[in-house]
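# Topology and contacts: notes
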Amino acid sequence: MALYVQKFGGTSVGSVERIKSVAERVKRFRDQGHQVVVVVSAMSGETNRLIGLAEEINEEPTPREMDMLVSTGEQVTISLLAMALHRLGVPATSYTGAQVGIRTDSAHTKARIQNIETNDLQQDLDDGQVIVVAGFQGVDDEGNITTLGRGGSDTTGVALAAALNADECQIYTDVDGVYTTDPRVCSRARRLKTVTVEEMLEMASLGSKVLQIRAVEFAGKYNVPLRVLSSFDEEGEGTLIVAEHQESDTTMEEPLISGIAFNTNEAKLTVLSTPDVPGVASKILGPISDANIEVDMIVQNVAPIGDHTDFTFTVSKADYRQTQRILENTVLPSLGGGEVRGDDQIAKVSLVGVGMRSHAGVASKMFRVLAEEGINIRMVSTSEIKISVVIDEKFMELAVRSLHTAFGLDRDDVKEEA
């Protein structure tokens, strides 16, 4: 007997028929003698519908009330799935994040899990119950409902698997695994049999929507076996997230590039003519950090012979306008002047692969391929296993397809794209 935590995303529970299908799959696992904890998202489109309602009432609703609102989406799904399991004769109990004991900090809309109380959960499992948990949510020490950010149901699933010492956490979604890139952008994308935690962390942080980065962090930190599977295909093995590539995974050394990630949900901001003296970067980014806004790529130009330079960084598009206001109203006055320029029509394209550690020339090849397609690079960022570039958003798909082919990631059984 094994203990499985199974997470089903919004498309997997997007209709009554799909919820019934999930119930049947869960029943098959239980009939094999396994214990099962199911974590579900809101039905597809429901969270966006709720956000739209909020914006009709108030363009800038308070984070606490937003959490109170959007957390209801998962509550609908858990009750419907429990009903579907009952209909199949499976004893099941649904729980909200608060009821299951998922304790978080008080950072509304971006809360982090602090601990999970598992005693009652384990007792229900030992009594033969299937536990159905609302993903994406928890409760702080004051009893306020909190949410973990978009995609937070993945984090709920992995965190529960870690707390319960589950044999495997299975993430069911609308794709049958992790691909070399998004198949909707590049039809030659290949499904990966395995991918390392390190690579998956980079791909998740760089825009891959298969898994939320915090879920991968949990899996790596607590050594949770994590597998990505399709909700609609019961035959596939999906993709297993591993500590490191095994010798059987590749005929030679580790692959040079495992995948290409991209993200069009970022915006670029530049503070022009900043004083080129110590402490300026802190003056620029400090107020932004205080507003709980995450900064991604940062570039500071080398100052010419003089005392001023330019400071450029990227943030999420959702934080773009707020960041502009902070720069204009708080940062520029503290610097004694300057100018802010922004661009929210950019894309970040990234090559990811642990094989980069032992191979030179990846960056130069990437830049050459983009240059041959007439694509200008705005910013560059690197780490041991990834290279990211910021380009104009309109060139994103062309860049991904060209790099996918150039680095040998294409499938052989797909005809050339028009």
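The structure displayed is predicted, hence computed values, not measured ones.

The next thing to look at is the sheet that holds strand 20 (residues 386-392). What the 4 strands build is an open sheet, ordered 13-18-20-19; its pairing is antiparallel. Each edge of the open sheet is held by one strand with a lone partner, namely strand 13 (259-263) and strand 19 (379-383). Within the sheet, the average angular offset between the axes of one strand and its neighbour, ignoring direction, is 20 degrees. In terms of strand pairing, strand 13 meets strand 18 (residues 346-352) through 5 bridges, oriented antiparallel. Residue pairing across strands places Asn263 opposite Lys348, the latter belonging to strand 18. Lying over the sheet, helix 8 (residues 197-205) contacts strand 13, strand 18, strand 19 and strand 20, oriented at roughly 170 degrees with respect to strand 18.

To continue, consider the pattern of salt bridges. Scanning the model with the defined rule gives 19 salt bridges in all. Its salt-bridge partner being Glu117, residue Arg103 comes within 3.5 Å of it at the nearest N-O pair. Taken as a pair, Arg103 in strand 4 (residues 102-104) and Glu117 in the loop between strand 5 (113-116) and helix 6 (119-126) lie far apart in primary sequence, 14 residues in all. Under the relative-accessibility criterion, Arg103 is labelled partly exposed at 25%. In this structure, the salt-bridge partner of Glu339 is Arg341, at a minimum N-O distance of 3.2 Å. Several salt bridges share partner residues, and in doing so they unite Glu198, Arg357 and Glu384 into one network.

Every α-helical turn comprises 3.6 residues, leaving residues that sit three or four positions apart pointing alike. Helix length check: helix 2 (residues 46-57), at 12 residues, gives a terminal C-alpha distance of 17 Å against a target of 16 Å (1.5 Å per residue), a fit within 8%. For helix 2, the complete set of buried residues consists of Thr47, Leu50 and Ala54. In an axial view of helix 2, the angular spread of the buried residues amounts to 65 degrees, which keeps them on one side of the axis.

Right, let's talk about the packing of helix 10 (residues 280-290) against helix 11 (residues 320-335) for a bit. At a minimum axis separation of 9 Å, helix 10 and helix 11 run at an interaxial angle of 145 degrees. Relative to helix 11, helix 10 is oriented so that their crossing is right-handed. Taking contact as the criterion, the partners of Val280, Lys283, Ile284, Pro287 and Ile288 in helix 10 are, on helix 11, Thr323, Ile326, Leu327, Thr330, Val331, Ser334 and Leu335. Residue composition of the contact of helix 10 with helix 11, grouped by class: 8 nonpolar, 3 polar and 1 charged.

Membership of the largest hydrophobic core comes to 42 residues, with the highest contact counts inside it found for Val37 and Leu211. What Val37 contacts, discounting residues up to four positions off in sequence, is Leu3, Tyr4, Val5, Gln6, Leu125, Ile131, Val133, Leu160 and Leu164. Within the second largest apolar cluster, 23 residues are counted, among which are Phe8, Val13, Val38 and Val132.

A few words now on the sheet that holds strand 17 (residues 339-343). If you trace the 4 strands from one edge of the open sheet to the other, you get 15-16-14-17, paired in antiparallel fashion. Bordering the open sheet on either side are strand 15 (295-300) and strand 17, each of which pairs with just one other strand. Along the sheet, successive strands turn relative to each other by an average axial angle of 20 degrees, direction set aside. Relative to strand 17, strand 14 (residues 266-275) is paired through 5 bridges, and the arrangement is antiparallel. When the bridges of strand 17 are listed, Leu272 appears paired with Glu339. Packed on one face of the sheet, helix 10 meets strand 14, strand 15 and strand 16 (308-316) and runs near 25 degrees to strand 16. Packing of helix 11 onto the sheet brings it into contact with strand 14, strand 16 and strand 17, and relative to strand 14 it is tilted by some 10 degrees.

To continue, consider helix 6. Leu121, Asp124 and Leu125 are the residues of helix 6 that are buried. Seen from one end, helix 6 has its buried residues packed into an arc of 100 degrees, which puts them on one side. Along helix 6, exposed side chains directed more than 90 degrees from the buried face belong to Asn119, Asp120 and Asp126. Taken together, the buried residues of helix 6 touch strand 1 (3-8), strand 2 (35-40), strand 3 (92-95), helix 5 (97-100), strand 6 (130-134) and helix 7 (152-164). In the stretch just after helix 6, Gly128 is the one whose phi turns positive, near 90 degrees.

Two quantities define a packed helix pair, namely the angle between the axes and the distance from one axis to the other. The geometry of helix 1 (residues 16-31) relative to helix 4 (residues 72-87) is characterised by a closest axis approach of 9 Å and an angle of 55 degrees between their N-to-C directions. Classified by the interaxial angle, the pair formed by helix 1 and helix 4 is oblique. Crossing geometry of helix 1 relative to helix 4 is assigned as right-handed. Contacts between helix 1 and helix 4 involve Ile19, Lys20, Val22, Ala23 and Val26 from the first element and Leu80, Leu81, Ala84 and Leu85 from the second. Among the residues making up the contact of helix 1 with helix 4, the classes are represented as 8 nonpolar, no polar and 1 charged.

Let us now look at the confidence of the model for the protein chain. When pLDDT is averaged along the protein chain, the result is 91; 95% of the residues meet or exceed 70. For residues 248-253, every residue scores under 50 in pLDDT, and the model assigns this stretch 3 contacts once sequence neighbours within four places are set aside.

This part takes up the pairing of strand 2. Among the 6 residues in strand 2, 6 count as buried, and that is most of the element. Relative to strand 2, strand 1 runs parallel, the two being bridged by 6 bridges. When the sheet's bridge partners are listed, Lys7 is paired in strand 2 with Val39. Chirality of the crossover, the property in question, places the unit of strand 1, helix 1 and strand 2 among those that are right-handed. Of the pairings in the sheet, the one linking strand 2 to strand 6 comprises 4 bridges and is parallel in character. In the sheet register, Val37 faces strand 6, and the bridge partner there is Ile131.

Here we take up the packing of aromatic side chains. Where two aromatic rings form a pair, the distance of their centres and the angle of their planes describe that pair. Counted under the stated rule, the structure contains 4 aromatic pairs. Ring centres 4.6 Å apart and planes at 10 degrees place the aromatic pair Phe8 and Tyr172 in the stacked group. Of the two residues, Phe8 sits in strand 1 while Tyr172 sits in strand 9 (residues 168-173), which places them 164 residues apart along the sequence. No difference in accessibility class separates Phe8 from Tyr172, as the two residues are buried. Considering the side-chain rings of Phe218 and Tyr222, the 5.6 Å spacing of their centres and the 25 degrees angle between planes classify their relative orientation as stacked. Of the two residues, Phe218 and Tyr222 both sit in helix 9 (residues 213-222), 4 residues apart, roughly one turn of that helix. Look at Tyr222 and you get partly exposed, because its relative accessible area is 45%. Positioned above the aromatic ring of Phe407, the side-chain terminus of Lys365 is 4.7 Å from the ring centre.

The rules behind these values
Residues numbered from 1 in each chain as written. Predicted model: local features only at pLDDT ≥ 70, side-chain atom pairs only at ≥ 80, totals over all residues. Heavy atoms only, no water. Pairing = 2+ DSSP bridges. Helix = DSSP H or I, 4+ residues; strand = E, 2+ residues; numbered from the N terminus. Axes fitted to C-alpha atoms, helices over the stretch in contact; angles between N-to-C directions. Contact = heavy atoms within 4.5 Å. Salt bridge = Lys/Arg side-chain N within 4 Å of Asp/Glu carboxyl O. Buried < 20%, exposed > 50% of the residue type's maximum accessible area, 1.4 Å probe, protein only. Expected span 1.5 Å × (residues − 1). Arc of directions from axis to C-beta. Left-handed = near helix turned anticlockwise from the far one by under 90°. Nonpolar A, V, L, I, M, F, W, Y, C, P; charged D, E, K, R; others polar. Core = buried A, V, L, I, M, F, W, Y, C linked by side-chain atoms within 4.5 Å. Parallel < 35°, antiparallel > 145°, perpendicular 65-115°, else oblique. pLDDT = per-residue confidence, 0-100. Right-handed = clockwise from strand over helix to strand, strands pointing away. Phe/Tyr/Trp six-rings, centres within 6.5 Å; stacked < 30°, edge-to-face > 60°. Lys NZ or Arg CZ within 6 Å of the ring centre and 35° of its normal.

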